[in-house]
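Listed below are the residues making up each chain.
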Amino acid sequence: MATNDLMMELQKDSIKLDEDSEKKVVAMLLKLLEDKNGEVQNLAVKCLGPLVNKVKEYQVETMVDTLCSNMMSEKEPLRDISSMGLKTIIAELPPSSTGLSLTVNVCKKITSQLIGAIGKQEDVSVQLEALDILSDMLSRLSGTLVSFHASILSSLLPLLTSSRLAVRKRAIIALSHLVSSCSSALFTQLAEHLLAELSSGQVTSATRTYIQCLATISRQGGHRVGEHLEKIIPLVVKYCSVEDDELREYCFQAFEAFVRRCPKEMSCHISTIVKLCLKYITYDPNYNYDADEEDEDDSMDTDNEEQESDDEYSDDDDMSWKVRRSSAKCLEAVISTRRDLLLELYGSVAPALVARFREREENVRTDIFLAFIALLRQTRAPPGHLAPTEYGAKEDPALSQLKKQVPSIVKALHKQLKEKSIKSRQGCFSLLTELASVAPGALADHIPALIPGIVYSLTDKSSSSNMKIDALSFLYVLLCNHPPEVFHPHIKIFLPPVVRCTEDPFYKITSEALLVTQQIVKIVRPLEKPTSMTFDVRPYVKDLFSATLQRLKAADIDQEVKERAISCMGYIICHLGDQLGADLQPTLQIFLDRLKNEITRFSAVKALTLITASPLKIDLRPVLPEGIQILGSFLRKNQRALKLSTLSALTVLVTNYSDSLKPSMMESVVNELPALISESDVHVSQMAIALLTCMTKVCPSSLTKIGGTVLPEVLHLVHSPLLQGGALGAIVELLQALVVNKASNISYNELVKSLTGPFFGSQKSAEPVHRQSYYSVAKCVAALSTACPNEASATISNFIQEVKATRTSESARILSFLCLGEMGRSMNLGGQKELKTVILEAFSSSNDEVKSAASCALGNICVGNLKEYLPFMLKEIGSQPKRQYLLLHSLKEVISASTAEKLKPHVEEIWALLFKHCECAEEGTRNVVAECLGKLTLVNPAQLLPQLKKQLSSGSPHARSTVVTAIKFTIVDQPMPIDELLKDCIGDFLKTLQDPDLNVRRVALVMFNSAAHNKPALIRRLLGTVLPALYKETQIRKELIREVEMGPFKHTVDDGLDIRKAAFECMYTLLDSCLDGLDIFDFLNHVEEGLKDHYDIRISSALMLTFIMLARLCALSPAAVTQRLDRLVEPLRATCTTKVKAGSVKQEFEKQEELRRSAMRAVAALLSIKEIQQSPVMVDFASLIHSNTEMATIFESIQKDTSSTACATETMDTS
């Protein structure tokens, strides 16, 4: 009891011991380790852990000395308890990176004694304990033992030839922990020792140990093995032919480790390894599979229960299954790391794996399934691939190969779905689930073969819970990814077992079964194509409804089941509501109850949205009054997701049930809306405004009072700088609906006055209005004018007068132009004769914003009246060089906003004019010309794209840069008809990456970046030729660096900085969109070069990009980063330790701080890789960071930011 009390006290932070107490407690605990009572000994060991951080360093050393000497004792119990004590102390020692000397001193003391204990050949049990403790220390604190690494290696190597298997295995484990942090020289010594032993040619028991050791050290410090692989691989291949199954198993384990840890170095050996794997995956000398197949054919008609499972065959002396399993795992490693060989793997490996699905050993069969699942996962299209339905995209050849093999896969699996072995059936379902996800529709012809197996697993009494869940999960994926009609003949077979599963006592099975039931409801009567359905759903309605209702009514069930039951019943009423008869209204009352429950209300709202949107027009009148009141109350809850779902539900409800709604019912909802319309949450505002619009259209009588409540909030939002996109569109629609339906007492003129008021009148006293507000108000005014054309003419005249008047404020003039432009876009302003003169005069204004607004207005007015305004605009562009830039902006508006049909008659004229200005000396003008050319090309790509391509041969660098920039504007993130044409000729435009002109190369990189981001499929096949040119632009070029004298100072200017930055931006984009097309090691070479790009702090933007890339690479290719760690750390260290010269300006200090933070983020990303944490280089760097207060503070704040971001992501994923 006393020892237990001491342990409880030591665990408290408040306990403080004086020197005398420390001495007494330590002495007493060490004495208790020799107590005869085992429980007392265990408690004493547990006390040692917290005591380490409570006593002084010399007391810890005393404890360690005593425990080490006890470990050598001849008394076995004392030896065992002392070993446990040492392990406990090691586990509690603070990491060496904290900079405490305690860890270093204690580790050195323990290590020197352990090395002595390991050398005691006569006592194996001491050796085993010492090896265990050494492994623990090396795995946690290897960085503190660098001075002992050589002696540890010398003491471990002889143990590899020990006569005791346990000693050999533990020596291998200790060596694996050593290699992750030892020096390169020491690793080379170990590798050469193993190579020398393996090269002797004699096969002994030690040979197995050496190959096992190679595999283990490769798993721990794999990248280091890479440089020795050329010598290792031939030796391991040779040992595969030795008649020793255990040795072969270790050989394949070594191959697997090499493939996973050294992918680049293994490239040239992959074909050899695959051939060996395919040879030995069938290696089963004691079993005749052909005879087994004949037996199966003979007994096809016998009852399944009488059939003997293959798994019952066993032979205790047969070790060949280990060879087959290790070769299957090796194949899985090849498949997982070499997506580039996918087509070859489908040709050679896939058929071999399918043939081995009949494997007799269950463990081996599981690994074969896992290898095939890895192949299926690799077949998923990587991000950035065009879907087959998009322009210019063809089906992935690997997917086509897979679809051809589906019949043989199903043939090999469908019998196993009815085997007794649960593990085999689970493997089959995992594989089939992946197949159904990767190749939707591919199993449509094989449904009859698969359904019996699913039903068997759901009804078999011996099936485990996990087995049923796996079967239900597969059925759900199958139902989701295949057309409904293929299941109709089988509904009567698989529906009863699914219904029975909804009654299962285990909540996870019930939940999964309800999800499947929901999907069954959608396929028995799909609402998307009701006319083509001839399937009679009536026989199944009762089963579906009763099973779900039972779960919907239950109160004492798991939350997940409650939510699924609500959702499932929502789908039943949505799809089958007209078949429920008298059961419908009581069920709707249950939904009302669920709405009142805080736990289930969110699911109930989503289900009600489904029901109200049903084309069956379900009768909701009895529940509407109370339901709407409850929904209205949800709008004031502090739960965003609930608000959004409720607004969505109310919008659908108002749309479909307007004839059943009375103004009094909607009052509670309308009263809650003003609080929701605010710039603090624009999306909620958008949903609330959409609901208002809907009410305005179908039940305007509900909105008589909104003029003094909701409308002021809407108008306030219009003037917000945050308003744009969908929310602005919603407001435009609402304002139009208000004036058309006369829903409130506010007239057109009052609305226009309210919108434009802040820009007119008492402008001086008002706050400055954000630029975005001008555009928002202009769109709203134009929308009102379109809805009320009779009143619009007076408004147009007023705006023209405002523009002409000299006393008009600048803000009023800007708004007037923008309003005229937006109104002109939707109506013909040809009658306003003075408008052209007014706009052209504004081009001479001293205010740039007025000029920009006038330019925008001219473009928009032209969109509404191309016939009159386009010739005028083109004439002005040709004759007014001073106004050219503004006029070109107007032309850009015309091309962007007009339809292809309207523009086609004018294309040639516009095209010719634009090409006259593509060599303009002003870069801004050239950029506008390029945008116009690019967008115009989309009107008639077949004719215009070849003309752009022809201009690439132009002698003028300005013309070439304009053409390349134009191509950037033809690449948009939506599928377009031009995509197929671009795919064929984009290579010609990318040749400008090698243009002699610096600016042409820079704009070519920007265009390439746009393609990689928006349509990676366009450039994926060209990466082999483009990447060398891209990488070339990442290098610092001394000929582009010049010195500029600024008075007494000299300033360095790097003309290559912009192009370097553009190149690194491209590289970063490729990481996300074309990772599978990159040689990651070649890529890393240039990231390394970029990390050195910081000789002047004023041009550090390219360097920051490389830090961001390095952090991204840590997540995408940790193995490759680990392999290059030594070369990556030095530039990071240099950035973190660089100090700005005294007397530098404030901006340079801020820039250095930003750079340092960026480098620290890369360091934090590196330390997230487990292997890198053990690296001596990284341990030193971490110690340097922790020892410097300034750097430690920055690093801690970055780690907090990283962890909080991760938490936020997890929260978002689960919600």
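Starting from 1, residues in each chain are numbered consecutively following that chain's sequence as written. For a predicted model such as this one, the threshold for reporting local features is a pLDDT of at least 70, and the threshold for listing and counting side-chain atom pairs is 80 or more; totals across whole chains, interfaces and linings nevertheless cover every residue. Heavy atoms throughout the structure, all of them, feed into the side-chain values; hydrogens and water do not.

Things to note about the overall build of the protein chain
Then, in step 1: Helix and strand assignments come from DSSP, with helices taken as H or I runs of at least 4 residues and strands as E runs of at least 2, each series counted from the N terminus. Summing up its helical and strand segments, the protein chain has 60 helices and 2 strands in all.
Then, in step 2: Counting only C-alpha atoms, the protein chain reaches 110 × 95 × 70 Å along its principal axes.
Then, in step 3: Residue burial in the protein chain is summarised as follows: out of 1215 residues, 53% are buried.
Then, in step 4: The Shrake-Rupley method, run with a 1.4 Å probe, gives the accessible areas here. Residue values count only the displayed protein chains as cover. For the protein chain, the exposed area adds up to about 53,400 Å²; of that, 51% sits on carbon and sulfur atoms.
Then, in step 5: Only four residue types enter the tally: Lys and Arg on the positive side, Asp and Glu on the negative side, with His and both chain ends excluded. Where a charge sits is defined by one atom per residue type, namely NZ (Lys), CZ (Arg), CG (Asp) or CD (Glu). Each charge sign in the protein chain was given a centre, from 134 positive and 149 negative side chains, and these centres are 5 Å apart. Each residue's exposure class comes from its accessible area (1.4 Å probe, protein chains only) as a fraction of the maximum for that residue type: buried when under 20%, exposed when over 50%, partly exposed otherwise.

Some thoughts on the pairing of strand β2 (residues 1049-1054)
Then, in step 1: Note on pairing: DSSP must find at least two bridges between two strands before they are called paired. Bridging between strand β1 (residues 1041-1046) and β2 involves 6 bridges; their strand directions are antiparallel. Each residue of the ladder has a partner; that of Ile 1041, found in β2, is Asp 1054.
Then, in step 2: Linkage of β1 to β2, two consecutive antiparallel strands, is achieved through a turn of 2 residues, within which Gly 1047 is found at a positive phi near 65°.

Examining helix α52 (residues 1057-1073)
Then, in step 1: Here α52 spans 25 Å end to end across 17 residues, near enough to the 24 Å set by a 1.5 Å rise per residue.
Then, in step 2: Judged by how many residues are buried, α52 sits mostly within the fold: 12 of 17 residues are covered.
Then, in step 3: Taken as a whole, α52 has its buried residues at Leu 1057, Ile 1059, Arg 1060, Ala 1062, Ala 1063, Phe 1064, Cys 1066, Met 1067, Thr 1069, Leu 1070, Leu 1071 and Ser 1073. Here, expected helix span is obtained from the residue count minus one, scaled by 1.5 Å.

A short note on the UniProt feature "repeat: HEAT" (unreviewed entry) in the protein chain
Then, in step 1: UniProt positions are given in the numbering used here, feature names are shortened, and annotations may be inferred rather than shown by experiment. With numbering aligned to this structure, UniProt lists the feature "repeat: HEAT" (unreviewed entry) at residues 25-63.
Then, in step 2: As annotated, residues 25-63 has a helix share of 77% and a strand share of 0%, and its two end C-alpha atoms lie 11 Å apart.

Some details on the packing of aromatic side chains
Then, in step 1: In this analysis, rings of Phe, Tyr and Trp, with Trp reduced to its six-membered ring, are considered paired at centre separations within 6.5 Å, and the interplanar angle assigns stacked below 30 degrees, edge-to-face beyond 60, and tilted for intermediate values. Applying the stated criterion across every chain, the model contains 10 aromatic pairs.
Then, in step 2: Between Phe 429 and Phe 474 the ring centres are 5.7 Å apart and the planes differ by 40°, which places this aromatic pair in the tilted class. Residue Phe 429 is located in helix α21 (residues 422-438), and its partner Phe 474 is located in helix α23 (residues 465-480); the two are separated by 45 residues in the primary sequence. As far as burial versus exposure is concerned, Phe 429 and Phe 474 are alike and both buried.
Then, in step 3: An angle of 80° between the planes, with centres 6.4 Å apart, marks the rings of Tyr 1031 and Phe 1083 as edge-to-face. With Tyr 1031 in helix α51 (residues 1023-1032) and Phe 1083 in helix α53 (residues 1080-1091), this pair connects stretches of sequence that are 52 residues apart. Here Tyr 1031 matches Phe 1083 in class, with each residue buried.
Then, in step 4: Geometry around Tyr 239 places Lys 238 over its ring, the cationic atom sitting 5.3 Å from the centre.
Then, in step 5: Taking the ring centre of Tyr 283 as reference, the NZ or CZ of Arg 248 above it sits at 5.0 Å. By the criterion adopted, a ring carries a charge over it if an Arg CZ or a Lys NZ lies within 6 Å of its centre and within 35 degrees of its normal.

Brief notes about the environment of Val 323
Then, in step 1: Looking at where Val 323 falls in the secondary structure, it is placed in helix α17 (residues 320-337).
Then, in step 2: What makes Val 323 buried here is its relative accessible area of 0%.
Then, in step 3: On a C-alpha basis, the gap between Val 323 and Tyr 280 in space is 6.7 Å, while along the polypeptide they are 43 residues apart.
Then, in step 4: In what follows, residue pairs with any heavy atoms lying within 4.5 Å of each other are defined as contacts. Not counting residues up to four positions away in its chain, the partners in contact with Val 323 are Asp 245, Arg 248, Glu 249, Phe 252, Tyr 280 and Tyr 283.

A word on the side chain of Glu 129
Then, in step 1: Within the fold, Glu 129 resides in helix α7 (residues 124-141).
Then, in step 2: Here a salt bridge means any side-chain nitrogen of Lys or Arg lying within 4 Å of a carboxyl oxygen belonging to Asp or Glu. Buried and unpaired, Glu 129 has Lys 87 as its nearest opposite-charge partner, separated by 4.3 Å.
Then, in step 3: Separated by 3.2 Å, the side chains of Glu 129 and Ser 83 make a polar contact.
Then, in step 4: Setting aside chain neighbours within four positions, we find Glu 129 in contact with Asp 80, Ser 83 and Lys 87. We define a polar contact as two N or O atoms separated by no more than 3.5 Å, with the added condition that, inside protein, one atom must be a possible hydrogen donor and the other a possible acceptor, whereas residues neighbouring each other in sequence contribute only through side-chain atom pairs.

Observations regarding unusual backbone geometry
Then, in step 1: Non-glycine residue Lys 617 carries a positive phi angle of around 50°.
Then, in step 2: Residue placement: Lys 617 occurs in the loop between α29 (601-613) and α30 (624-634).

Some points on the pattern of salt bridges
Then, in step 1: All chains considered together, the criterion is met by 40 salt bridges.
Then, in step 2: For Asp 1079, the salt bridge identified is with Lys 264, shortest N-O distance 3.1 Å. Taken together, the residues Asp 1079 in the loop between α52 and α53 and Lys 264 in helix α14 (residues 263-266) connect sequence positions 815 residues apart.
Then, in step 3: Residue Asp 1079 is classed as partly exposed on the basis of its relative accessible area of 35%.

Considerations on the packing of helix α35 (residues 725-741) against helix α37 (residues 771-787)
Then, in step 1: Orientation is described by axes fitted as lines to C-alpha atoms, over the contacting stretch for helices, and by angles from 0 to 180 degrees between their N-to-C directions. The contact between α35 and α37 brings their axes to 9 Å, and the two run at 30°. The angle between the axes of α35 and α37 places the two elements in the roughly parallel class. Two packed elements cross with a definite hand, and for α35 against α37 that hand is right-handed. Of α37, the residues touching α35 (which contributes Leu 728, Ile 731, Val 732, Leu 735, Gln 736, Val 739 and Val 740) are Ser 776, Lys 779, Cys 780, Ala 783, Leu 784, Thr 786 and Ala 787.
Then, in step 2: Note that Gly is not counted as nonpolar here; it falls among the polar residues with everything else outside the nonpolar set of Ala, Val, Leu, Ile, Met, Phe, Trp, Tyr, Cys and Pro and the charged set of Asp, Glu, Lys and Arg. Looking at the contact of α35 with α37 residue by residue, the class counts come to 10 nonpolar, 3 polar and 1 charged. Every angle not falling under 35 degrees, over 145, or within 65 to 115 is termed oblique; those three ranges are roughly parallel, roughly antiparallel and roughly perpendicular. With the far helix as reference, a near helix turned anticlockwise by less than a right angle produces a left-handed crossing, and one turned clockwise produces a right-handed crossing.

Notes on the environment of Glu 922
Then, in step 1: One can find Glu 922 in the loop between α45 (907-916) and α46 (923-937).
Then, in step 2: Sequence-wise, Glu 922 and Tyr 885 are 37 residues apart; in three dimensions their C-alpha atoms are separated by 9.3 Å.

Things to note about the environment of Glu 791
Then, in step 1: Note on placement: Glu 791 falls in helix α38 (residues 789-804).
Then, in step 2: According to the relative accessible area criterion, Glu 791 is partly exposed, its value standing at 35%.
Then, in step 3: A sequence separation of 190 residues divides Glu 791 from Arg 601, and the C-alpha atoms of the two residues are 47 Å apart.

Focus: the state of the cysteines
Then, in step 1: Only a pair of cysteine sulfur atoms within 2.5 Å counts as a disulfide in this structure description. For the coordinates displayed, the defined rule picks out 0 disulfides.
Then, in step 2: Here Cys 501 is not disulfide-linked; the sulfur of Cys 568 is the nearest cysteine sulfur, at 13 Å.
Then, in step 3: Residue Cys 501 is classed as buried on the basis of its relative accessible area of 3%.
Then, in step 4: In this model Cys 574 remains outside any disulfide bridge; the closest cysteine sulfur is found in Cys 568, 12 Å from its own.

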